[in-house]
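Listed below are the residues making up each chain.
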Amino acid sequence: MTATRPEPTGTLPPVAAPTSARRRGTMLILVASFWFGTSGVLAKPAMDAGLSPQQVAMVRITLAAVVLLVSVGLARPALLRIRRSDVRVLIGYGLVGVAGVQLLYFAAVSRIPIGIAMLLEFTSPVLVALWVRFVRRTILPARMWVGTVLALTGLAMVAQVWDGLRLDTVGVLAGVGAALCSAGYFLLGEHGTTTISPVGLVTWGMVVGSVAIAVIAPPWTLPVDRLVADADLGGLDVPVWVLLVACAVMSTAVAYLLSITALRHMPANVVSVLALSEPVVATSLAWLLLGQTLTAVQVAGAAVLLGGATLVQLAEARREASPVDAG
C-alpha cells in the first residue's frame with residue numbers, strides 16, 4: 001500500500017489526507033477498535049481459569065508474532081524486508097507499543113479497579129495531542145481539543161471511575177506508564193508507516209514484543225493443564241487455548257494491522273481519539289457475554305464518548321478544508 005501522506009519532517013504536513021482517505025482511516029480504526037475490544041472478554045475467562053495476566057499477555061503476543069511471521073513469510077515475504085535505518089523504529093514500536101502497553105496495563109489491572117486502569121491508559125489521546133502541539137509545534141483546532149475532552153469524559157462515565165477510589169500507588173504509576181506507551185504506539189506507528197509497510201511493522205513489532213515479554217513470563221512456565229481446561233464464555237464451555245488463539249489472531253494480529261494501516265490515512269492525534277471506541281465495545285461485550293451489566297450512566301457515557309470522537313472528526317475535516325500552518 002502506498003502512503004497517502006508524505007514522510008514526517010518534524011511537523012504535520014500542511015494539507016491533511018483527502019476525504020476518501022480519512023473515511024478509509026476512520027473505518028479501519030473503528031473495526032480495529034472492535035477487535036481490540038474483544039480481548040477482555042477472551043482473556044478474562046482464561047485468567048479466571050488460572051493463568052496470570054502476564055502469561056495471557058505473553059501467549060497473546062507470541063502467538064500473534066508466529067501467525068504473522070508464518071503467514072506473511074509464505075504469502076508476501078517482501079513485506080518483511082526492512083532497511084537498517086528502520087531498525088530503531090521497529091525496536092521502539094515493539095518494546096513500547098506492544099510489550100509496554102500490554103504489561104503495564106495488566107500490571108495496573110492487578111492492583112487498581114479495571115475502570116480506572118482503562119481511563120488512565122486511554123488518556124493517551126491527550127498525550128498525543130500535546131506532543132503534536134508542543135513538540136511538532138502544530139496548531140490544532142479548538143474543536144479537536146473540545147472533542148478530545150468530551151471523549152475522555154465519556155470514557156470516565158463508561159469506566160465508572162468513581163467506584164473503588166482507594167488507589168494503589170504502584171497501580172496508578174503502571175496505568176500512567178500504559179498511557180505513555182499507548183501514546184508511543186500511535187506516534188511511532190505514524191512515523192514507521194511512512195517508510196515501512198504496516199504488515200512489516202506489526203509483524204516485527206510483535207516479534208520484538210514477544211521476546212521482551214518472554215523475559216518476564218517465560219513460555220516454559222505455562223501450566224499446560226490450564227491450557228486444555230474449559231473456561232466459561234457466555235454460558236459456553238470453551239477450552240482456554242481456543243480463547244487464547246482467538247485473542248492472538250483477531251484481538252491482536254488483525255487489530256494491530258488495521259490500526260497501524262489507519263495511521264497511513266489520518267494523523268495520530270485523530271486516530272488515538274477514535275480508538276476510544278474500544279472501551280465501549282469492551283463494556284458492551286462484557287455485558288453480552290460475561291453478564292456484566294450496563295448502567296444508564298455507562299450508556300450515556302458511550303454516547304458522550306462517541307459524540308466527542310465525532311467532533312474530532314469534524315474538526316479534522318475542517319482542518320483539511322482550511323489547513324492551519326504550524327506555529
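Residues numbered from 1 in each chain as written. Predicted model: local features only at pLDDT ≥ 70, side-chain atom pairs only at ≥ 80, totals over all residues. Heavy atoms only, no water.

Before we go on, may I ask you to explain a nonpolar patch on the surface in this structure?
Together, Leu 63, Val 228, Trp 241, Val 242 and Val 245 make up an exposed nonpolar region whose accessible area comes to about 410 Å². Checked against the element boundaries, Trp 241 lands in helix H11 (residues 240-262). (Patch = residues over 30% accessible without salt bridge, like charges linked within 9 Å, V, L, I, M, F, W, Y side chains within 5 Å. Areas by Shrake-Rupley, 256 points an atom, 1.4 Å probe, with all protein chains shown as cover. Salt bridge = Lys/Arg side-chain N within 4 Å of Asp/Glu carboxyl O. Helix = DSSP H or I, 4+ residues; strand = E, 2+ residues; numbered from the N terminus.)

How should I be thinking about the pairing of strand E2 (residues 236-239) in this particular structure?
The two faces of a sheet get side chains in turn, since along a regular strand they alternate between them. Relative to E2, strand E1 (residues 230-233) is paired through four bridges, and the arrangement is antiparallel. Bridge pairing in E2 links Asp 232 to Asp 237. What sits between E1 and E2 in their antiparallel hairpin is a turn of two residues, with Gly 234 showing a positive phi close to 60 degrees. (Pairing = 2+ DSSP bridges.)

For this particular structure, what's the right way to read the environment of Val 312?
On the secondary structure map, Val 312 appears in helix H14 (residues 296-321). Residues Val 312 and Leu 274, spaced 38 residues apart in sequence, show a C-alpha to C-alpha distance of 8.3 Å. Residues contacting Val 312, with those up to four places away along its chain left out, are Met 144, Gly 147, Thr 148, Val 270 and Val 273. (Contact = heavy atoms within 4.5 Å.)

Got a minute to help me understand the packing of helix H3 (residues 53-75) against helix H4 (residues 87-109) in this structure?
How two helices sit against one another is set out by the angle between their axes and by the gap between those axes. One can describe the packing of H3 onto H4 by two numbers: an axis separation of 9 Å at closest approach and a directional angle of 155 degrees. It follows from the interaxial angle that H3 and H4 lie roughly antiparallel. Crossing handedness for the pair H3 and H4: right-handed. Of the residues in H4, those in contact with Pro 53, Gln 54, Ala 57, Arg 60 and Ile 61 of H3 are Val 98, Ala 99, Gln 102, Leu 103 and Phe 106. Tallied by class, residues from the contact of H3 with H4 come to seven nonpolar, two polar and one charged. (Axes fitted to C-alpha atoms, helices over the stretch in contact; angles between N-to-C directions. Parallel < 35°, antiparallel > 145°, perpendicular 65-115°, else oblique. Left-handed = near helix turned anticlockwise from the far one by under 90°. Nonpolar A, V, L, I, M, F, W, Y, C, P; charged D, E, K, R; others polar.)

What is the right way to look at the packing of aromatic side chains in this model?
Any two aromatic rings considered together are summarised by their centre-to-centre distance and by the angle between their planes. Within the structure shown, the criterion is met by five aromatic pairs. Centroid distance Tyr 185 to Tyr 256: 5.5 Å. Interplanar angle 85 degrees. Geometry classified as edge-to-face. Linking Tyr 185 in helix H8 (residues 169-192) with Tyr 256 in helix H11, this pair joins segments that are 71 residues apart in sequence. Per residue, the accessibility class of Tyr 185 equals that of Tyr 256, and both read buried. An aromatic cluster of at least three residues, connected via ring pairs, comprises Phe 36, Tyr 93, Tyr 185, Phe 186 and Tyr 256. (Phe/Tyr/Trp six-rings, centres within 6.5 Å; stacked < 30°, edge-to-face > 60°. Buried < 20%, exposed > 50% of the residue type's maximum accessible area, 1.4 Å probe, protein only.)

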